[in-house]
Each structure stands twice: as structure tokens, then as C-alpha cells.
Amino acid sequence: MTSTEARSTAAPTVVGIVPHTHWDREWYAPFQEFRHRLVRILDEFLPRLEADPSYARFLLDGQTAVIDDYLEVRPEAEERLVRLASSGRLGVGPWAILMDEYMVSGETIVRDLQMGMARAARFGGAMQVGYLPDMFGHVAQMPQILALAGLEHTVVWRGVPSAVQQTAFWWEALDGSRVRAEFLVGSYSNGRDLPREAEGLIERARGYERELGDARLPGGGLLLMNGTDHQVPQPWLGEVVAAANAAQDEYRFVVTSLPEYVADQPSDGLTTWRGEMRSGVRSNVLMGVASNRVDIHQECARAERAIERRAEPLQAALVPAEEYAAAAELAIAWRLLVLNSAHDSSCACSSDDVVDAVKVRYREVQHIGDGLARDALVALAVRVDAPAEATVVANPGARSRGGLVAARVTGEGPVHVVPVGGGAARPTQTVDVLDGEAFRVRVKAEMMGAVLDMARGPEFAGYRIARYEILMPEGEGDIEVRTHVATDTRVVDLEPMRAELTALAAARPEARFHFRVMRQPTRSIVFAADEVPGYGWRTFEPVEGEGPATGVGAAGLTLHNENLTLTIDATTGTYDVTTADGVTTAGLGRIVEGGDGGDTYNYSPPKGDFLVETPTAVRVRITETGPVFARAVIETDVDWPTHAIGDERRCTARAEATAPHTIVTTLELRTGEPFVRVQHDIENRSRDHRVRVHFPLPAPVAGSRADCAFAVVERGLETEGAPHEYALPTWVSRRFVDASDGTVGLGLVHDGLLEYEVVGDGTELALTLFRSTGYLSRSEMYYRPNAAGPLLPVEGAQMLQRLTLTYAVVPHRGDWAAADLPRVADDVLVPLERIRRGEIPGDSLPPHGNRLAVEGIEVSALHRTEGGLALRGYNPHPEARTLTVLLDGRPATGWVVDLLGRPLEAFDGSRAVRSNGIVSLLLAD
């Protein structure tokens, strides 16, 4: 039997056609412009979809934000959408937005999925496929996230490695859970612009089958995604499918949905891939988005922390359930975070208008988080039994820990603090002293009105006033008006003072008036709080006199604390660090600048690029010497080329002209901390370049481990690429990266500086501080000779602004990445919170304590829900750990739930959590 005869007797190959549109909510055009187009498209398409049963299915891009954006303009269309979705004609969800998996936190991904599934319920339920069509790579724990939401299938395109040789595979998370993944060979647009004639559609299927070759699963079908970015649906699709089926029996064309298609595809004998997918071997992963707009990535990190690490846990742990009123504001914050997680938004590969809007949304989230965190602290302070001048210190994290706390105390001279209720005196450092006069002005009687305008209610010149005196001179001197700043809630109405002074000015027009605002002398201090319980508080009060000494100090070009000695090289501006157990790492902090002829998607050096890494001058000064912290400032002068020479295609050279820059680097050691805090302040004046900071490693390494969504992932020194995208092994870390040979290593904990690379054959760790580029996309770059988007100039991406860039350097012995660096990251990025106790009586809580104690997992979320307290975390250790939860000193009870809140099993205070397992609890409160 010939192959043709065999083919003619076999069942026809199913060609599943999934009509869809890929709808970037904002990208090269702002949201309102794209929404205007969306409304016009759906206004025309939805009636046609209802009227044409042959157009059986349509996928609305797997994100419910598209529906919400449309209904905000066309609310009358909701019932039509409900009918279409409930009948299976219109696929919605499961996501609220198609996020980028690397640019946002794991918790943001979870909330995105939760919001999408909840919203889709109004329309008959979410599509039961984890649709991931255009993410710039995929995180290692995504299969577990999907499985915990009840999803068994996913559809992916970018990042699939060369080890996957067929159109489907098992994708396994780090805990062993897995989903079946359908690989979109040729992208989510592989079936775009289908011909209107039957013959053309048949030939398109044959061409795609040839393209797949051996990659097609035996017995499997062909999946054609009929759509692309913002594409108008093809109205004749049903007609051409019917005509093609009538014309031949080689293929059976069907307009279908993704759930229907993948349910009928083979699953036996599939390859298994474990972990993240960041390969560029088949499609661009556009790794440069991690460093293109560092300001946006910093804003994202701050906004997510404001909600995940501050507002939610503080409100849940410190505010009584009957007083809790934060749900509505938190819902607003999460919606803003989720909308910003869209890949073109969080990746900042968009027009300047869009990036500006993203930044505003992140700032709004921070404002909400700040307000709710402050409310929680107030709710705590008014109930703690402590003196009025005491400082209540709260811990928003699960682990008991100490840290530095800033406070103001009245008085003069040396001072320290002690825990209220007993305990050792705490090391304290005075950083500033405010004298007893806050404001003064002398005026003639005729100018009295201008000064009295500053007195309204209890406030004068911006200060709340407790009392005042009007002092008359014995002779011809000034009339003195003394107001005294309130130190508690007791204030005075200043209207009588205004009336008396107005009368005096009228009676004595020749007089001069001397106004003084008096306050108690105040010292700004920083003290080292001892252990504050997880999700709890400890209270401290000031005591006059010197506090205890510590190991912190500075002399010459050296800083030291109990764990580290840091010595600065005044010639290069770099520094050496020696640990207490004798490991020295030299030459840290070398700034390396080079050209960047790339775009917002990819770094690409100009032709003939060169590096600038030698300063023209270095100045060092010690600004703080202890006993709580020591600080040094390094001013490094460098000359960087002003720009690169090129256009929207590529850059061919760097300019000869240079611009002078001064990099101000602040190094800080704090008592008890095993790391160096670093801050760079740079006023960037150059275009088209990349600036990184390099750290020689104490020993060569074979790879790195980095913080990612619900995991610490391991990576080698190389990655996969192809001619369409150079295999550049720059990686993303959410909060930290570690490079170790198992005996010694170096970690970095950063605030929004997402991109790193292990260079020099494993001998140095390079952290990207920022990149400057002038185009959303270029078309013929050396590292990516194809366009990734419109060739649109974006001035904002040149980063011509003042930049403040912060991180911590963590030299260590042993293997820290999985167990210790998450904790160090909390110490660096999530400081203890503080509030002054104040005068309101409160005695319902002791000076220190906590309601909730959690051990055994890294907590990613603690927040209050209608059903109680929701707690989520993961086990980063290589072995199973026991999760224990105490509430009010007793084992907590409730349920282990999936990511949608559905009960899985009862929880009675403890539970085993497998290695890399994610666990969610709903606790009775």
C-alpha cells in the first residue's frame, strides 16, 4: 500500500481552528485608544457571532479585562455576552489579564488568576485552560499554580526548549505537579488571515503539517490559532470551513475552542520538561525587558511590597476583625496591580504615554498601602499598655526578627531605649538634634495680618499648638508671642490669640511683634530593636544616658560590624569585604558601562562597542561611625559617551563626545547584619548605554540560583538562542540572586534591579543597574535582527533622570540560596514598622506579643477574607517541612484550600509541606 493509499484510508486529520484576537490592553498606543478600537470591533462582531451558528467559537484572549473594558462603555451588552459565553460560543478567562510571569510577584500571578476566575463566573465560568500565549518565558512553578486552580491543561508559545520536540509535553513544576502543555508552534498567530477559498484553507493545513514534520503528535491534530494582535475576526470562517470539508476527506476542519481541542489530543508518551522555560531557540523571549525601564521595575517592587508585605499582613494581624474595613481599598489596589501586570505594561515595552500611566497606577497602589499600613499601626498603638513617649515596633513578616528603627525623643544629651516591661538596653545612635525654637519672625504692627493668617484653629505656621503667651515689654521693646508645640493630642484654639493681637496692633501701631514657635528639644535617633515576634509587636521607651556598645565602627577607609569588615579602595572606588570567619572577596562594586544599540525588548551592543570601567577621580568620606550603623560615601567621576550613532534599524558606533557623571555610592553596615547595604545615586546624562555593577566571586561557580515566583530556581551559565535572538544568559530575579560553589558564595538582594548575569566563566556576578535606549523596537539589531514591535521612538526609555538604585551584598559560607536569602531579603526590603504610642489610654494588649505565629514556610500572603484569615506560602527547602500555625497561642484551625478557596482538607494547626510545595490555608478567626 502506498503512503497516498494509506492516507486515503485513514481517518482525516482534525484541524482545530480557534478564532481569537490577542488584545494588548495598552502597548504602542495608550489604553483608551485601544479600547476605542475594541468597542468598535465587538460592536460589529458580537451580533454576527450570535446570528451565525457556523462561527461556533471565539476566544476573547483568555483575559476578563477585555470584557470589563468593553462593558464599561457598553453596559447594555452584558446579557448578550452572558448568553454567548454560557452557551460555549465565547471563551472567557481564566486570567483577569495576560501577565508577564517574571516582571511581577508570584502573589500577583495568583491574584490575577483568582480575579479572572471569579469574574468569569458571571459569564458561565472560565475557560479551563491556562492560556499563556505571549508571555516572555514561563516561571518554574506555573504548572503548580495552574493545578492548584483546577486546570489540567496549558497552551504556551515562547520559551519552550529544544528538548521538547513535539507539539505537546508534560510540564512539571518543582514540586512534581504537572499539566499537559500544548505548544503553539508558529505562535498564537499561526492561523491568522486564513484564505476565504476552500482550496487555500486546505493548502494552509498542508503547509502547517509540513512545517511541523515529526513534531506533530502521532494521532494528534493540527491547531491553527485564527487571530493575532488586535485583529478583526474573519466573518466568513464558518463558510470556508464547511466548503473545505465538502471538498476533500484528508482533513476535518472544525471551528473549536481550546478546551475542546486539547481534550481530544493524545497524552501518552509525552516528553516531560521540569521547571522554567526561558529558551530562545524557537521564538524570542525578549529578555532585555527586565532592565529597560528600571524606574518601572522599582515602582512595581515597591507597590507589590506595599500591599503584600505591609498593608495586608498588618491589617490582618493587628486590626481586630470587628474593626476591619480595608477590603474595598485592597480590592482597588489589587485591580491596579493586576492590570499593570499585563506583559506590555509590566515589561515597559510600550509607548511613553503607556509607561507614564503604569507608573501612576503603581504610585496609587503605594499610596493605598501606606494608608492602610498606617491605620493598622494606629489600631495597634491605641491598645498597647505603654508610656505615651514609647515607640511601638511592629513586624509585618512571619519570622521573629530585630532591626533598626528610627524615632524622635524629646530632650537633650545622650539617650538610649529599653524594652517596655523589661529587657536589655538597646544600642542607640543619635543622628540629629532639633533645638527648642522651630520658627520665628519679627513684623511691624501693619504686617500683623499676614502672620495671623498662619494661625487657624489649633495650628500656627504648620505646627499644632498646646498653649501660647503674649509677653508685653517693660519699655519700648518688642511684644513677644510665644506658642508651644503640642506633644500629645491636647491643643488650643488660637482664635482668641488672633483677636487679642489684632487689637494690640490697632492700639499700638508703632509696635513690633516677635513671634516664636517653641518646642521641646528633640533628638532623632536610630536604635537596634531586639527580636520582634512575627506578625507581632514590641514596645520601647527612651532612657537618658549612653546605650550599650556594639561592634560597629569606622576608621580611615574601613567600616566594620560584628560580621563584616569593609575596606574601600580610594583609587578604584571598589571595596573588599571580609567575613568574621575569614572569607575575603575583593574588588566588589566595579561599575562597568557599555553601549546599547538595542531597544526596550533586548540589549544589543553597537558595532565596535567598548567598555568604560575606570574612574577619572574618586573621593571617599566617612559620614557615620556607629554604634548602630556606620556609613561611607564614595564619589566616583566617570566620562561616558553621550550617545550611540544609529537609527530605528541598529546602532553602528558610539559617539566620541563624552558626558561627565558622578556616581555617589553609599555603603552601610548595621549592627548584627551579615550584609552590606549599597545605594547608587546617578544623574544619567548619556543615551544608548548599559550600566552594570560587577562583583568578583570568592570562588568560580557553575551557575546561579535566584528568587522567582514561589521558588528559588537554579540556572547554568548558558542559555539557548538562535539566529533570530542571541543566546544572552541574562536572567531575572525577583528579589535576590546567589552565586556559590557550595562552600563560599556571594548573594545580592535588590530593590527592583531584576537583571543579572554570571560572567567571566563563572568568576563574576554582574547586576544591571539600568539600560538606556531610544526605541520601543528596532528592526536589525546585532543580537536580534528582527522587529519585536513597532519602530517607535520612546524618549522615556533613555532614562535621562536621577536614579537611586539600592541593593545589599551578602558574602557567605555554605549554601544559602534556598533557606537563608529569602530571610535576608525580608530584612533588607521589609523593615520593621514603628509608631509613637501617644496619649490615648490603652491597656488591652501587653507591651509585646503577637496573635499569629507561622513556622515552616516562606509566607507570600496573609490577608483577611470574609471566611477568616487567608495564609499562603511555599517551602523552598529540598526536603519536606512541617507547617505550624498558632493563633492566640493555640493551634489554628481551618482548611487547606486550593488557589480558588475551595476546601481540600481540614487543618488542625500543622501539616507537612513537600519541597517546593505551595500551600494555602483559610483559618478560622
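Whatever comes next refers back to the structure up there.
What you see is a predicted model; the values in this text were computed from it and never measured.

Brief notes about the sheet that holds strand β12 (residues 401–410)
Overall, antiparallel pairing links the three strands, which are arranged β12-β21-β14 in an open sheet. For this open sheet the edge positions go to β12 and β14 (428–434), each flanked by a neighbour on one side alone. The mean inter-strand angle of the sheet, taken between neighbouring strand axes irrespective of direction, is 25 degrees. For β12 and strand β21 (residues 522–532), the ladder comprises nine bridges, and the chain directions are antiparallel. Residue pairing for β21: Arg 408 is matched across the bridge by Ser 524.

Some details on the nonpolar core
Grouped together as the largest cluster of nonpolar side chains are 138 residues, with contacts concentrated most on Phe 253 and Leu 258. Those residues within four positions of Leu 258 in sequence are excluded, and the remaining contacts are Val 18, Leu 59, Met 127, Val 129, Tyr 131, Val 155, Leu 223 and Met 225. Leu 564, Val 638, Trp 731 and Leu 753 belong to the second-largest nonpolar core, a separate cluster that totals 46 residues.

Considering the packing of helix α10 (residues 294–318) against helix α13 (residues 352–381)
Interhelical geometry of α10 versus α13 gives an angle of 25 degrees and a closest axis separation of 8 Å. With respect to their mutual orientation, α10 and α13 come out roughly parallel. Considering how the two elements wind past one another, α10 and α13 form a crossing that is left-handed. Of the residues assigned to the contact of α10 with α13, the class counts are 17 nonpolar, three polar and eight charged.

Observations concerning the packing of helix α7 (residues 198–212) against helix α8 (residues 237–247)
In contact at an axis separation of 8 Å, α7 and α8 are set at 75 degrees when each is read in the N-to-C sense. Taken together, the axis directions place α7 and α8 in an arrangement best described as roughly perpendicular. Residues Ala 198, Leu 201 and Ile 202 of α7 form the contact with α8, whose own contacting residues are Val 240, Val 241, Ala 243, Ala 244 and Ala 247. The class makeup of the residues in the contact of α7 with α8 is eight nonpolar, no polar and no charged.

Considerations on the pattern of salt bridges
Any two side chains of opposite charge can pair if their charged atoms end up close together. Enumeration according to the criterion identifies 74 salt bridges in this entry. Note that Asp 751 and Arg 305 form a salt bridge whose closest N and O atoms lie 3.0 Å from each other. Of the two residues, Asp 751 sits in the loop between β41 (744–750) and β42 (755–759) while Arg 305 sits in helix α10, which places them 446 residues apart along the sequence. You can call Asp 751 buried: its relative accessible area is 10%. One connected set of salt bridges, linked through shared partners, spans Glu 437, Arg 440, Glu 480, Arg 482 and Arg 516.

Description of unusual backbone geometry
Geometrically, the link from Gly 93 to Pro 94 is a cis peptide bond, its omega value of 10 degrees lying close to zero. Mapping Pro 94 onto the fold places it in the loop between β3 (90–91) and α5 (106–120). Of note, the bond from Gly 626 into Pro 627 is cis; its omega dihedral lies within 30 degrees of zero at 15 degrees. Positionally, Pro 627 belongs in the loop between β30 (617–625) and β31 (629–641). Of note, the phi angle at His 230 is positive, near 55 degrees, even though the residue is not glycine. Counting through the fold element by element, His 230 comes out in the loop between β8 (222–226) and α8. Look at His 230 and you get buried, because its relative accessible area is 6%. Not every positive phi belongs to a glycine, and Ala 461 is a case in point at roughly 55 degrees.

Quick word on the pairing of strand β50 (residues 881–887)
Bridge count between strand β47 (residues 852–855) and β50: four bridges; the pairing is antiparallel. For Val 854, the partnering residue across the bridge sits in β50 and is Val 885. Alignment of β50 against strand β54 (residues 910–913), held across four bridges, turns out to be antiparallel. The residue bridging Arg 881 from the neighbouring strand is Val 913, located in β54. Across two bridges, the pairing between β50 and strand β51 (residues 890–891) is antiparallel.

Brief notes about the sheet that holds strand β17 (residues 459–460)
Judged by pairing direction, the sheet is mixed, and its six strands sit side by side in the order β15-β20-β19-β18-β17-β16 without closing on themselves. Each edge of the open sheet is held by one strand with a lone partner, namely β15 (437–444) and β16 (455–456). Direction of pairing for β17 relative to strand β18 (residues 463–471): antiparallel, over a ladder of two bridges. Each residue of the ladder has a partner; that of Glu 459, found in β18, is Arg 464. Across the face of the sheet, helix α15 (residues 495–507) comes into contact with β16, β18, β19 (479–485) and β20 (512–518) while running at roughly 35 degrees to β18.

Comments concerning the side chain of Asn 916
Relative to the helices and strands, Asn 916 resides in the loop between β54 and β55 (918–923). At 3.3 Å, the side chain of Asn 916 and the side chain of Ser 915 are in polar contact. When residues no more than four places from it in sequence are discounted, the contact partners of Asn 916 are Gln 141, Gln 144, Leu 174, Asp 175, Ala 711, Asn 875, Pro 876 and His 877.

Some remarks on the packing of aromatic side chains
Applying the stated rule across the entire model yields 14 aromatic pairs. Seen in terms of ring centroids, Phe 45 and Tyr 55 are 5.4 Å apart; in terms of plane orientation they differ by 70 degrees. Their pairing is edge-to-face. Taken together, the residues span a long stretch of sequence, with Phe 45 in helix α2 (residues 31–51) and Tyr 55 in the loop between α2 and β2 (58–59) at a distance of 10 residues. The class for Phe 45 is buried, based on a relative accessible area of 2%. An angle of 85 degrees between the planes, with centres 6.2 Å apart, marks the rings of Phe 710 and Tyr 874 as edge-to-face. Residue Phe 710 is found in the loop between β37 (704–708) and β38 (711–715), and its partner Tyr 874 is found in strand β49 (residues 868–874); the two are separated by 164 residues along the sequence.

Rules of the game
- Residues numbered from 1 in each chain as written.
- Predicted model: local features only at pLDDT ≥ 70, side-chain atom pairs only at ≥ 80, totals over all residues.
- Heavy atoms only, no water.
- Pairing = 2+ DSSP bridges.
- Helix = DSSP H or I, 4+ residues; strand = E, 2+ residues; numbered from the N terminus.
- Axes fitted to C-alpha atoms, helices over the stretch in contact; angles between N-to-C directions.
- Core = buried A, V, L, I, M, F, W, Y, C linked by side-chain atoms within 4.5 Å.
- Buried < 20%, exposed > 50% of the residue type's maximum accessible area, 1.4 Å probe, protein only.
- Contact = heavy atoms within 4.5 Å.
- Parallel < 35°, antiparallel > 145°, perpendicular 65-115°, else oblique.
- Left-handed = near helix turned anticlockwise from the far one by under 90°.
- Nonpolar A, V, L, I, M, F, W, Y, C, P; charged D, E, K, R; others polar.
- Salt bridge = Lys/Arg side-chain N within 4 Å of Asp/Glu carboxyl O.
- Polar contact = N/O pair within 3.5 Å; in protein donor to acceptor, adjacent residues only side chain to side chain.
- Phe/Tyr/Trp six-rings, centres within 6.5 Å; stacked < 30°, edge-to-face > 60°.

Without other data, these values stay purely geometric and don't point to any function.
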